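# Inside the fold
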Amino acid sequence: QVLKCRTLSGRSAACVPKHRIVPSGASSSASSCLVPNKSVWMESSGGSKGGRPGSEDLLSTPGFYDNMIQKYASQHNEQFTMKELLEQGKAAWEKPGVVLENAQFLQRELPKRLAKRLLDLQFLPYIVVINPNIKRVYEAYYNAFQTLRQFPTVKDSELNAEFTVLLKRLVDEHGPLVESLAAGLRECKSKPNIGEQLQLDEFLNNMLSSRISRRVLAEQHIALQHKRQNFVGIVCTELNLQEAIEFAYIRAQQICIETYGVSPEIRLSGDKDAVISYIPTHLDYMLFELLKNAMRATVERSILQKGNISEIRNSMPPVSISICRGDSDVTVRICDQGGGIGKEALGKIWNYGYTTVDETLTEMKNSFDLSSPANPQSKMAGLGFGLPLSKLHARYFGGELKLVNVTGYGVDMYLFLNLLDDPESIKIM
C-alpha cells in the first residue's frame, strides 16, 4: 500500500514518533512524495543491523540521526526584504560594524536554513535517500551545517576575513549540487514501478528556493567586503539588459556549436538601452537557460527538416529577442521557430527532471550523424531543471516566466523581471 507523505508540520504519528521534534517553520517540501505507510528508517525492527532495514546505508551518511538538526530546524527563519539588503549594502560603505553584524546574523541564520533542508531530505522515500547523488547532497549540506555552527562568533575583522573565505568555499562547493539533485532524481524516476509514483516537485521547489536564498545571503556578505562601482552588495544598479543578453548568448552559442556544429543567430529589438537593478548572476542563469532551449529547438528542427549541415547553416531562422520596459517591470521575450511543443510534453515542461532529449535523439538518428561533432546529450540539455528553476528564480525576485506555444511553429518565452524599484515588496524567504 502506498500513501501520500504529509507535510513536516502535519505528519502522522506513524511517520513521526511523539518525542520527535517537528519544526513548525519547516517547509512542506516532502508533502507530495509517495512513500511506504511507515518510514523505513524509523521502524524498531527489521531485517538488518540495529533493527532498521538498510540501516548500514543510512548510518554511513554523516549526521543522519543527529538531533542537533531537529533543534535548528525547529527555529524560524528571519525574513527580510530586498530593500533591507540594499540599505545594508549602502551602510556597509560607511560603517564597518555593519559587516560584522551581518556575519553574526549569517552564523545564526544559515545553519537553521540548512537544517530544514536536511530534515526534508531525511523524510524522503528510502529509495531516494540512499541514492548516491542524493546522499552526496545530504553530506555536503551536513558538513556545511556543522562547519558554520561550530565557527567561532565573528567579533573582529580577522575572524570576518576567515568567515568570508569559508562562505566562498561553501558557495563554490555547493554549486554542482543542483546537478547531483537532477541526476539523483532521474535515477530514482527510472526505477520500474517506483519512479512513476515519486512526486518530488514540491520538495525540489523548497530545496532550490532555499538554495537561492542562502546564496543571496552568502554572496551579499562576500560582496560587502569590497566596494564596486554601480553595485550595492550583489545588486547591480546599472545593469544593461542588451549586454546581459549578448553575454548569455555567447555562452549558449559556444555550447550549441560544440554540440551540433552550428548555431542560430539572434535578432534583438525593442528597448535596447534598458537599464535595470538586478542581481547579475541570477539574470544570467535565466537568460542562458532560455536561450539554450530556443537555440536547441531551432537547430534540431532544421536538422530534422534538411539534414545537411551546410544548408542548415545558411537557412536556419534566428532566435528573436525583444526588450520592453514598463513602469514597474521589464519583459524579455525570446521567440524561436523550433516547431513548438507537443501536446503531451506541454503538460510536463515545468516538472523537474522532464526532458525531451531522449525523444529527440531517437528522431534525429536517421537524419544526422550524432557521433560528430558531439552527443546532443551534453550541456545543451538533459537535466530537465532549466525551465522550472528559471521560473523559480524569476518568481523569487517578484517576476514571472510564461510560455506561449504555437504547435508546428515555435515557442515564445516571456520573462518578466521586477525592476527592484520597489524592493520593500520582495522578501528574502
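In the block above lies the structure referred to throughout.
Predicted, not measured: the structure shown is a model, and the values here were computed from it. (Residues numbered from 1 in each chain as written. Predicted model: local features only at pLDDT ≥ 70, side-chain atom pairs only at ≥ 80, totals over all residues. Heavy atoms only, no water.)

## Thoughts on the overall build of the protein chain
Looking only at helices and strands, the protein chain features 15 helices and 12 strands. Here the protein chain, with 429 residues, has 53% of them falling under the buried criterion. Sequence separation of 24 or more characterises 78% of the internal contacts of the protein chain that already satisfy a separation of 6 or more. Of the roughly 19,800 Å² of accessible surface on the protein chain, a fraction of 49% belongs to carbon and sulfur atoms. (Helix = DSSP H or I, 4+ residues; strand = E, 2+ residues; numbered from the N terminus. Buried < 20%, exposed > 50% of the residue type's maximum accessible area, 1.4 Å probe, protein only. Contact = heavy atoms within 4.5 Å. Areas by Shrake-Rupley, 256 points an atom, 1.4 Å probe, with all protein chains shown as cover.)

## As for the sheet that holds strand 7 (residues 275-278)
Neighbouring strands of a sheet are bound in pairs by backbone hydrogen bonds; such pairs are parallel or else antiparallel. The strand order 4-5-7 describes an open sheet built from three strands, whose pairing is antiparallel. Taken across any chain shown, the strands that pair with only one partner, and hence form the sheet edges, are strand 4 (231-232) and strand 7. Across three bridges, strand 5 (residues 235-240) lies against strand 7 in antiparallel orientation. Counterpart to Leu239 in the pairing with strand 7 is Ile276. (Pairing = 2+ DSSP bridges.)

## Topic: the side chain of Asp336
Position of Asp336 relative to the elements: it lies in the loop between strand 9 (329-335) and helix 13 (343-346). Buried and without a salt bridge, Asp336 has Arg301 as its closest oppositely charged side chain, separated by 7.5 Å. Within polar-contact distance, the side chain of Asp336 engages the backbone nitrogen of Gly338 at 2.8 Å. Contact partners of Asp336, with chain neighbours within four places excluded, come to Ala294, Ala297, Thr298, Tyr409, Gly410 and Val411. (Lys, Arg positive; Asp, Glu negative; His and termini not counted. Salt bridge = Lys/Arg side-chain N within 4 Å of Asp/Glu carboxyl O. Polar contact = N/O pair within 3.5 Å; in protein donor to acceptor, adjacent residues only side chain to side chain.)

## Concerning helix 4 (residues 97-122)
Since one α-helical turn is 3.6 residues long, residues separated by three or four positions face the same way. For helix 4, built from 26 residues, the straight-helix expectation of 38 Å at 1.5 Å per residue is met to within 8% by its first-to-last C-alpha distance of 38 Å. At Leu106, helix 4 shows its maximal bend, which comes to roughly 25°. Of all 26 residues in helix 4, 21 are buried; the element is thus mostly enclosed. (Expected span 1.5 Å × (residues − 1). Bend = angle between axes of the 7 residues up to and from the residue.)

## Let's talk about the packing of helix 3 (residues 82-94) against helix 4
Here helix 3 crosses helix 4 at 135°, and the two axes come no closer than 7 Å. By the criterion of interaxial angle, the relationship of helix 3 to helix 4 is oblique. For the pair helix 3 and helix 4, contact is made by Gln88, Ala91 and Ala92 and by Val98, Val99 and Asn102, respectively. Of the residues belonging to the contact of helix 3 with helix 4, the class tally is four nonpolar, two polar and no charged. (Axes fitted to C-alpha atoms, helices over the stretch in contact; angles between N-to-C directions. Parallel < 35°, antiparallel > 145°, perpendicular 65-115°, else oblique. Nonpolar A, V, L, I, M, F, W, Y, C, P; charged D, E, K, R; others polar.)

## A closer look at the side chain of His393
Within the secondary structure, His393 sits in helix 15 (residues 386-396). Side chain to side chain, His393 and His282 meet in a polar contact 3.4 Å long.

## Remarks on the pairing of strand 11 (residues 410-418)
Of all nine residues making up strand 11, seven are buried, and the element is well covered by its neighbours. Bridge count for strand 10 (residues 400-406) against strand 11 is seven bridges, and the pairing is antiparallel. The partner of Leu401 across the bridge, within strand 11, is Leu415.

## Observations concerning the pattern of salt bridges
Taken as a whole and assessed by the stated rule, the structure comprises 11 salt bridges. A salt bridge links Glu173 to Arg169, with the shortest nitrogen-to-oxygen separation between them at 3.0 Å. On the criterion of helical spacing, the pair formed by Glu173 and Arg169 is a turn pair, its members being four residues apart in helix 7 (residues 157-174). A residue is classified by how much of its surface remains accessible, and Glu173, at 43% relative accessible area, is partly exposed. Of the residues examined, Arg169 reaches a relative accessible area of 39% and is grouped as partly exposed. Ionic pairing is found between Glu289 and Lys292, a salt bridge with its closest N-O pair at 3.6 Å. With Glu289 and Lys292 both in helix 11 (residues 280-306) and three residues apart, the pair spans about one turn of that helix. Like Glu289, the residue Lys292 is buried in the burial classification. Ionic contacts of the salt-bridge type, sharing partners, join the residues Glu109, Lys112 and Arg113 into one network.

## Regarding helix 3
The set of residues buried in helix 3 consists of Met82, Leu85, Leu86, Gln88, Gly89 and Ala92. Each buried residue of helix 3 lies within a common arc of 155° when the element is viewed along its axis, so the set occupies one face. (Arc of directions from axis to C-beta.)

## Points about the sheet that holds strand 6 (residues 266-270)
Ordered in space as 6-8-9-11-10, the five strands form an open sheet in which the pairing is mixed. This sheet does not close on itself; its edge strands, each paired only once, are strand 6 and strand 10. Here the average twist between neighbouring strands, direction ignored, is 15°. Lying on the sheet, helix 10 (residues 241-260) is in contact with strand 6, strand 8 (319-325), strand 9 and strand 11; it crosses strand 8 at an angle near 155°. Strand contacts of helix 15: strand 10 and strand 11, with the helix running at about 135° to strand 10, the strand carrying the most contacts.

## Considerations on the packing of aromatic side chains
Summed over all chains, the structure comprises seven aromatic pairs. Ring centres of Tyr396 and Phe397 lie 5.1 Å apart, and the angle between their planes is 75°; this geometry places the pair in the edge-to-face category. Each member of the pair Tyr396 and Phe397 is classed as buried. Centre to centre, the rings of Tyr414 and Phe416 are 6.4 Å apart; their planes meet at 15°, and the pair counts as stacked. (Phe/Tyr/Trp six-rings, centres within 6.5 Å; stacked < 30°, edge-to-face > 60°.)

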